[in-house]
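# Breakdown of the fold
Residue strings, one per chain:
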Amino acid sequence: MNFIKVASLSEFPEDSSKIVQLKNSKVVLFHFNGKITAIGNACLHKGGPLGLGCVENKYDGTYVTCPWHGWEYNIETGKAPFDYKDQQSVYQIKIDGDAILISEEPIVKAKKATHDLSALEDLIHLKYQTTASSLNILGISTTNMNDNLARFSTSEDALEKALAYASEKYGAQTKMIKLRQLKFRHCEGYYSQHMNACTWPCSITEMNPKDGMTQLYRDMVLWADVVLLATPIRWGNPSSLYYKMAERLNTVQNQITLKKKILIKNKVAAFIITGGQDNIQSVAGQLMWFFTDLGFIFPPFSFVGWSRGWTAEDMDKNVMQFKKSDYIKRTTEEMVDNCIETLSQIKNINSVKIIAPKPHRQDSLSADIENPDMNI
Ligand code: FES
């Protein structure tokens, strides 16, 4: 077996890691517990750089945690902990004076175990439930409240009325998701480490298919023809739960940017925005921008707004006035009519021909600079 010098002992202090190039692949050297070890740098999950991961003594040895989504490997044996069967490649080390040499080939080959993703089969393979004649309307209520101390929500009430109207007048299939009842993790910003770290389905969903966003992905991407989103106005913005959901929708939008894959096709979105005071147009603008980036199409007059103006501090009268309003009932119905009319027009657009005018990887000002730590 040939050995190749890859580093100097004097420049590789204890408690550190170092990524080195070995022919066409990258290997990470570890110097922990008075010993130098080497395993493949590319995480078996999605290729994250293990050399940038955190190294800790835990379980039955010393493990590196992949900085992208947290897979772990023993830095000496390359094995995943517990009963996971993943095996990272392991290289033999020789020390010759100050030189650190590693074997040209791994002495243990990498092997990615089979991970059961059958619970996400429909999302992975994009098994759409929409058909040429389906009329599936998904309501997403983003208001936050303690359900044990339930109160009247203007946005949710208008959304319920919109769904009931769509069902009665058009025979639509309807579903309502109340975000506050979905238990889901925040987006943890994998994308900010590397574009390939943001995956479809979302890595959080992959780690835990029971995460609440799995249902939302399924209903929004695969099932819905129309999405009606209702939000209260909180300090001039949509609700914080809306943002929590929007961040987890990076996984949908990034497929367009990174893979030129448009997941949301021939679907319509519209919004119900209510607040005691003002800023409806600003909220509508934010929602429209994001939803168009996801691939949605809007009907004419794509939002219903309700507010009583900046000076309306008598919030106790908001609900009274809302309940008495014919305006809300009429305009939510008109919004539903417009959505369904628009849907009938766009149902059969040949979405294969839709091109998203996104920046591509090569458009970046640093496109020609190589990042020596990355494997891909
Ligand atoms: S955990 Fe390493 S790439 Fe996902």
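Here is what the cut-offs are and how they apply
Residues numbered from 1 in each chain as written. Predicted model: local features only at pLDDT ≥ 70, side-chain atom pairs only at ≥ 80, totals over all residues. Heavy atoms only, no water. Helix = DSSP H or I, 4+ residues; strand = E, 2+ residues; numbered from the N terminus. Buried < 20%, exposed > 50% of the residue type's maximum accessible area, 1.4 Å probe, protein only. Contact = heavy atoms within 4.5 Å. Lys, Arg positive; Asp, Glu negative; His and termini not counted. Charge placed at Lys NZ, Arg CZ, Asp CG, Glu CD. Domains from an automatic or database assignment. Buried area = accessible area lost by both parts, 1.4 Å probe. Phe/Tyr/Trp six-rings, centres within 6.5 Å; stacked < 30°, edge-to-face > 60°. Lys NZ or Arg CZ within 6 Å of the ring centre and 35° of its normal. 1 Å grid on protein atoms, 1.4 Å probe; cavity = no way out; pocket = protein on both sides within 12 Å on 5 of 7 lines; lining within 4 Å. Points joined across faces, edges and corners; volume = space filled by probe spheres on them. Nonpolar A, V, L, I, M, F, W, Y, C, P; charged D, E, K, R; others polar.

## Details of the overall build of the chain
Counting its regular elements, the chain contains 9 helices and 15 strands. If you line up the chain on its principal axes, its C-alpha atoms span 85 × 45 × 40 Å. The burial tally for the chain puts 50% of its 376 residues in the buried class. Long-range contacts, defined as pairs at least 24 residues apart, comprise 68% of the intrachain contacts of the chain with a sequence gap of at least 6. Taking the average place of the 42 positive charges on the side chains of the chain and the average place of its 41 negative ones, the gap between the two points comes to 4 Å.

## A few points about the domain arrangement of the chain
We note that the domain assignment places domain 1 (12–103) and domain 2 (118–363) within the chain. One C-alpha centre belongs to domain 1, the other to domain 2; they are set 42 Å apart. Between domain 1 and domain 2, the contact holds 5 residues from the first and 9 residues from the second. The junction of domain 1 with domain 2 conceals about 640 Å² of combined surface from both sides, 57% of it contributed by carbon and sulfur atoms. Its largest share of buried area at the contact with domain 2, domain 1 owes to Lys46, Trp68 and His69, together 80% of the area lost on that side.

## Examining the packing of aromatic side chains
Counted under the stated rule, the structure contains 13 aromatic pairs. A ring pair is formed by phenylalanine 291 and phenylalanine 296, whose centres lie 5.2 Å apart and whose planes are at 45°; its orientation type is tilted. Residue class for phenylalanine 291 comes out buried when judged on its relative accessible area of 0%. Each member of the aromatic cluster is reached from another via a ring pair, and the members are Phe271, Trp289, Phe290, Phe291, Phe296 and Phe298. Across from the ring centre of tryptophan 223, 4.5 Å away, lies the NZ or CZ of lysine 175, which sits over that ring.

## Some points on the layout of surface pockets
By volume, the largest pocket is sized at about 670 Å³. Lining the largest pocket are 23 residues; nearest its centre among them are His194, Met195, Arg361, Ala367 and Ile376. Those elements that place two or more of their residues in the lining of the largest pocket are strand E3 (25–32) and helix H6 (250–259). Its residues assigned to classes, the lining of the largest pocket shows 8 nonpolar, 11 polar and 4 charged.

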